[in-house]
Amino acid sequence: STKPADTRRILFASPREEHCLVLLLQHPELKARSQRLLPEYFQSSANREIFTTWQETGDLSLLRDRLDNTIWEHLDALIAKKIPSDQIERRYDDCVLRLQEEYLRGLERKREAVFALEAQAGGSGADLAKLKEEGIEPSLRLREVFSQRTRKAHRQGG
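Bear in mind the structure is a predicted one, so any value in this text is a computation, not a measurement. (Residues numbered from 1 in each chain as written. Predicted model: local features only at pLDDT ≥ 70, side-chain atom pairs only at ≥ 80, totals over all residues. Heavy atoms only, no water.)

1. So, unusual backbone geometry
Okay, step 1: The phi dihedral of Gln-87 falls on the positive side, at around 50°, and the residue is not glycine.
Okay, step 2: Among the secondary structure elements, Gln-87 is positioned in the loop between α5 (72-80) and α6 (88-120). (Helix = DSSP H or I, 4+ residues; strand = E, 2+ residues; numbered from the N terminus.)

2. Quick notes on the packing of aromatic side chains
Okay, step 1: This model, assessed by the stated rule, comprises two aromatic pairs.
Okay, step 2: Aromatic side chains Tyr-41 and Tyr-103 sit 5.1 Å apart centroid to centroid with 45° between the ring planes, which places their arrangement in the tilted category. With Tyr-41 in the loop between α2 (15-26) and α3 (45-57) and Tyr-103 in helix α6, the pair connects residues that are 62 residues apart, well separated along the chain. The exposure classification of Tyr-41 matches that of Tyr-103, with both residues buried.
Okay, step 3: Taking the centre distance of 5.1 Å and the plane angle of 35° together, the rings of Phe-42 and Phe-51 count as tilted. Each member of the pair, Phe-42 as well as Phe-51, is classed as buried.
Okay, step 4: The ring centre of Trp-54 lies 4.9 Å from the NZ or CZ of Lys-31, which sits over that ring. (Phe/Tyr/Trp six-rings, centres within 6.5 Å; stacked < 30°, edge-to-face > 60°. Buried < 20%, exposed > 50% of the residue type's maximum accessible area, 1.4 Å probe, protein only. Lys NZ or Arg CZ within 6 Å of the ring centre and 35° of its normal.)

3. Examining the side chain of His-74
Okay, step 1: Looking at the element boundaries, His-74 is found in helix α5.
Okay, step 2: The exposure class of His-74 is buried, given its relative accessible area of 7%.
Okay, step 3: A distance of 2.6 Å separates a polar atom in the side chain of His-74 from a polar atom in the side chain of Asn-47. (Polar contact = N/O pair within 3.5 Å; in protein donor to acceptor, adjacent residues only side chain to side chain.)

4. Looking at the pattern of salt bridges
Okay, step 1: By the definition in use, this model includes eight salt bridges.
Okay, step 2: For the salt bridge of Arg-16 with Glu-102, the shortest nitrogen-to-oxygen distance reads 2.2 Å. Here Arg-16, found in helix α2, pairs with Glu-102, found in helix α6; they are 86 residues apart in sequence, far enough to count as distant.
Okay, step 3: Of the residues examined, Glu-102 reaches a relative accessible area of 41% and is grouped as partly exposed.
Okay, step 4: Close ionic contact of Asp-93 with Arg-36 constitutes a salt bridge, the shortest N to O distance being 3.6 Å. Remark: Arg-36 occurs in the loop between α2 and α3 and Asp-93 occurs in helix α6; sequence separation between them is 57 residues. (Salt bridge = Lys/Arg side-chain N within 4 Å of Asp/Glu carboxyl O.)

5. Here we look at the nonpolar core
Okay, step 1: In terms of nonpolar packing, the biggest core is built from 29 residues, with Cys-20, Leu-24, Leu-25, Leu-37, Ile-50 and Tyr-92 touching the most fellow members.
Okay, step 2: Among the elements that line this core, the one with the most residues is α6, at nine residues.
Okay, step 3: Setting aside chain neighbours within four positions, we find Ile-50 in contact with Leu-21, Leu-25, Leu-63, Leu-67, Ile-71, His-74, Leu-75 and Leu-78. (Core = buried A, V, L, I, M, F, W, Y, C linked by side-chain atoms within 4.5 Å. Contact = heavy atoms within 4.5 Å.)

6. Looking at the packing of α3 against α5
Packed helix pairs are characterised by how far apart their axes lie and by the angle those axes make with each other.
Okay, step 1: In contact at an axis separation of 11 Å, α3 and α5 are set at 70° when each is read in the N-to-C sense. As the angle between them shows, α3 and α5 are arranged roughly perpendicular. Contact residues: α3 offers Ala-46, Asn-47 and Ile-50, while α5 offers His-74, Leu-75 and Leu-78.
Okay, step 2: A breakdown of the residues in the contact of α3 with α5 according to their chemical character gives four nonpolar, two polar and no charged. (Axes fitted to C-alpha atoms, helices over the stretch in contact; angles between N-to-C directions. Parallel < 35°, antiparallel > 145°, perpendicular 65-115°, else oblique. Nonpolar A, V, L, I, M, F, W, Y, C, P; charged D, E, K, R; others polar.)

7. Digging into the side chain of Glu-17
Okay, step 1: In this structure, Glu-17 sits in helix α2.
Okay, step 2: One buried charged residue, Glu-17, forms no salt bridge at all, with the nearest opposite charge on Arg-48 at 6.9 Å.
Okay, step 3: Here the side chain of Glu-17 touches Gln-43 through a polar contact of 2.5 Å, landing on its backbone nitrogen.
Okay, step 4: Dropping the residues within four chain positions of it, Glu-17 is found in contact with Tyr-41, Phe-42, Gln-43, Ser-44, Asn-47 and Leu-99. (Lys, Arg positive; Asp, Glu negative; His and termini not counted.)

8. So, the environment of Arg-64
Okay, step 1: As for its position among the elements, Arg-64 is in helix α4 (residues 60-66).
Okay, step 2: Note: C-alpha distance between Arg-64 and Leu-75 (11 residues apart in sequence) is 7.9 Å.
Okay, step 3: In this view, Arg-64 contacts Trp-72, Leu-75 and Asp-76; residues no more than four positions away in its chain are not counted.

What follows is the structure, encoded as C-alpha coordinates:
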(Lines give C-alpha, C1' and ligand atoms only; values in the text may rest on other atoms or scores of the structure.)
Protein backbone atom coordinates (compact mmCIF):
# COMPACT_ATOMS: atom_id res chain seq x y z
CA SER A 1 0.00 0.00 0.00
CA THR A 2 1.25 3.48 -0.80
CA LYS A 3 1.92 5.99 1.95
CA PRO A 4 0.09 9.33 1.64
CA ALA A 5 3.44 10.98 0.89
CA ASP A 6 3.77 8.90 -2.28
CA THR A 7 0.44 10.02 -3.67
CA ARG A 8 1.27 13.60 -2.76
CA ARG A 9 4.54 13.29 -4.66
CA ILE A 10 2.73 12.02 -7.74
CA LEU A 11 0.14 14.79 -7.58
CA PHE A 12 2.81 17.46 -7.59
CA ALA A 13 5.07 15.69 -10.04
CA SER A 14 6.28 17.63 -13.04
CA PRO A 15 8.30 15.31 -15.29
CA ARG A 16 10.06 18.20 -17.02
CA GLU A 17 11.02 19.99 -13.80
CA GLU A 18 12.21 16.71 -12.36
CA HIS A 19 14.22 15.86 -15.46
CA CYS A 20 15.96 19.21 -15.19
CA LEU A 21 16.77 18.57 -11.53
CA VAL A 22 17.93 15.01 -12.19
CA LEU A 23 20.38 16.33 -14.79
CA LEU A 24 21.67 19.00 -12.39
CA LEU A 25 21.97 16.70 -9.40
CA GLN A 26 23.67 13.90 -11.31
CA HIS A 27 25.94 16.13 -13.39
CA PRO A 28 27.60 18.77 -11.19
CA GLU A 29 29.39 20.17 -14.26
CA LEU A 30 26.05 21.69 -15.31
CA LYS A 31 26.13 24.08 -12.35
CA ALA A 32 27.86 26.68 -14.51
CA ARG A 33 24.91 26.55 -16.90
CA SER A 34 22.24 26.72 -14.18
CA GLN A 35 22.15 30.55 -14.16
CA ARG A 36 19.56 30.53 -16.95
CA LEU A 37 17.20 28.44 -14.86
CA LEU A 38 15.17 30.60 -12.48
CA PRO A 39 13.47 29.35 -9.29
CA GLU A 40 10.13 30.71 -10.52
CA TYR A 41 10.23 28.29 -13.48
CA PHE A 42 9.43 25.52 -10.97
CA GLN A 43 5.71 25.14 -10.25
CA SER A 44 6.39 22.47 -7.63
CA SER A 45 7.53 24.01 -4.34
CA ALA A 46 9.58 20.89 -3.47
CA ASN A 47 11.41 21.09 -6.80
CA ARG A 48 11.95 24.82 -6.38
CA GLU A 49 13.34 24.30 -2.89
CA ILE A 50 15.73 21.58 -4.06
CA PHE A 51 16.87 23.80 -6.92
CA THR A 52 17.50 26.96 -4.88
CA THR A 53 19.26 25.04 -2.10
CA TRP A 54 21.36 23.18 -4.66
CA GLN A 55 22.33 26.50 -6.28
CA GLU A 56 23.51 27.80 -2.90
CA THR A 57 25.45 24.66 -1.97
CA GLY A 58 26.21 22.81 -5.21
CA ASP A 59 27.04 19.87 -2.97
CA LEU A 60 24.76 16.86 -2.54
CA SER A 61 25.80 16.06 1.04
CA LEU A 62 25.20 19.66 2.17
CA LEU A 63 22.01 19.80 0.15
CA ARG A 64 20.37 17.03 2.14
CA ASP A 65 21.26 18.66 5.47
CA ARG A 66 19.74 21.95 4.42
CA LEU A 67 16.48 20.54 3.11
CA ASP A 68 13.38 19.77 5.13
CA ASN A 69 13.27 16.03 5.83
CA THR A 70 9.86 15.80 4.13
CA ILE A 71 11.69 16.38 0.82
CA TRP A 72 14.45 13.80 1.38
CA GLU A 73 12.53 10.96 -0.25
CA HIS A 74 11.87 13.10 -3.30
CA LEU A 75 15.52 14.16 -3.44
CA ASP A 76 16.73 10.56 -3.18
CA ALA A 77 14.39 9.52 -5.98
CA LEU A 78 15.82 12.27 -8.21
CA ILE A 79 19.42 11.36 -7.42
CA ALA A 80 18.74 7.66 -8.04
CA LYS A 81 16.76 8.13 -11.27
CA LYS A 82 18.28 6.34 -14.25
CA ILE A 83 18.68 8.59 -17.28
CA PRO A 84 20.71 8.31 -20.48
CA SER A 85 24.16 9.82 -20.09
CA ASP A 86 24.57 11.14 -23.63
CA GLN A 87 24.19 14.76 -24.79
CA ILE A 88 23.75 15.97 -21.23
CA GLU A 89 24.31 19.67 -22.01
CA ARG A 90 22.01 19.71 -25.02
CA ARG A 91 19.24 17.94 -23.12
CA TYR A 92 19.67 20.23 -20.14
CA ASP A 93 19.50 23.37 -22.31
CA ASP A 94 16.39 22.06 -24.02
CA CYS A 95 14.78 21.30 -20.66
CA VAL A 96 15.52 24.82 -19.35
CA LEU A 97 14.15 26.37 -22.53
CA ARG A 98 10.91 24.42 -22.22
CA LEU A 99 10.46 25.29 -18.54
CA GLN A 100 11.07 28.93 -19.40
CA GLU A 101 8.51 28.72 -22.17
CA GLU A 102 5.89 27.17 -19.87
CA TYR A 103 6.57 29.84 -17.27
CA LEU A 104 6.21 32.67 -19.80
CA ARG A 105 3.02 31.18 -21.20
CA GLY A 106 1.61 31.05 -17.68
CA LEU A 107 2.64 34.64 -17.13
CA GLU A 108 0.99 35.65 -20.37
CA ARG A 109 -2.25 33.89 -19.41
CA LYS A 110 -2.28 35.70 -16.06
CA ARG A 111 -1.65 39.05 -17.72
CA GLU A 112 -4.41 38.42 -20.25
CA ALA A 113 -6.81 37.62 -17.42
CA VAL A 114 -5.87 40.82 -15.59
CA PHE A 115 -6.16 42.75 -18.83
CA ALA A 116 -9.64 41.34 -19.51
CA LEU A 117 -10.79 42.20 -15.99
CA GLU A 118 -9.47 45.75 -16.31
CA ALA A 119 -11.23 46.17 -19.64
CA GLN A 120 -14.51 44.85 -18.17
CA ALA A 121 -14.20 47.18 -15.20
CA GLY A 122 -13.87 50.01 -17.69
CA GLY A 123 -10.32 50.86 -16.75
CA SER A 124 -9.07 54.25 -17.94
CA GLY A 125 -7.15 54.42 -21.21
CA ALA A 126 -3.90 54.98 -19.35
CA ASP A 127 -4.36 51.85 -17.21
CA LEU A 128 -5.13 49.77 -20.27
CA ALA A 129 -2.18 51.16 -22.19
CA LYS A 130 0.11 50.35 -19.29
CA LEU A 131 -1.19 46.79 -19.03
CA LYS A 132 -0.87 46.33 -22.75
CA GLU A 133 2.70 47.56 -22.51
CA GLU A 134 3.44 45.04 -19.76
CA GLY A 135 1.61 42.32 -21.64
CA ILE A 136 3.93 42.70 -24.61
CA GLU A 137 6.99 41.65 -22.65
CA PRO A 138 6.23 37.94 -22.27
CA SER A 139 5.16 37.75 -25.91
CA LEU A 140 8.49 39.12 -27.06
CA ARG A 141 10.32 36.75 -24.73
CA LEU A 142 8.23 33.86 -25.97
CA ARG A 143 9.06 34.74 -29.55
CA GLU A 144 12.71 34.84 -28.56
CA VAL A 145 12.43 31.37 -27.01
CA PHE A 146 10.73 30.01 -30.11
CA SER A 147 13.34 31.48 -32.43
CA GLN A 148 16.08 29.96 -30.24
CA ARG A 149 14.39 26.61 -30.53
CA THR A 150 13.91 26.76 -34.29
CA ARG A 151 17.53 27.87 -34.76
CA LYS A 152 18.61 24.91 -32.64
CA ALA A 153 16.40 22.51 -34.59
CA HIS A 154 17.88 23.74 -37.90
CA ARG A 155 21.40 23.31 -36.58
CA GLN A 156 20.65 19.78 -35.49
CA GLY A 157 18.97 19.00 -38.79
CA GLY A 158 15.42 18.71 -37.58
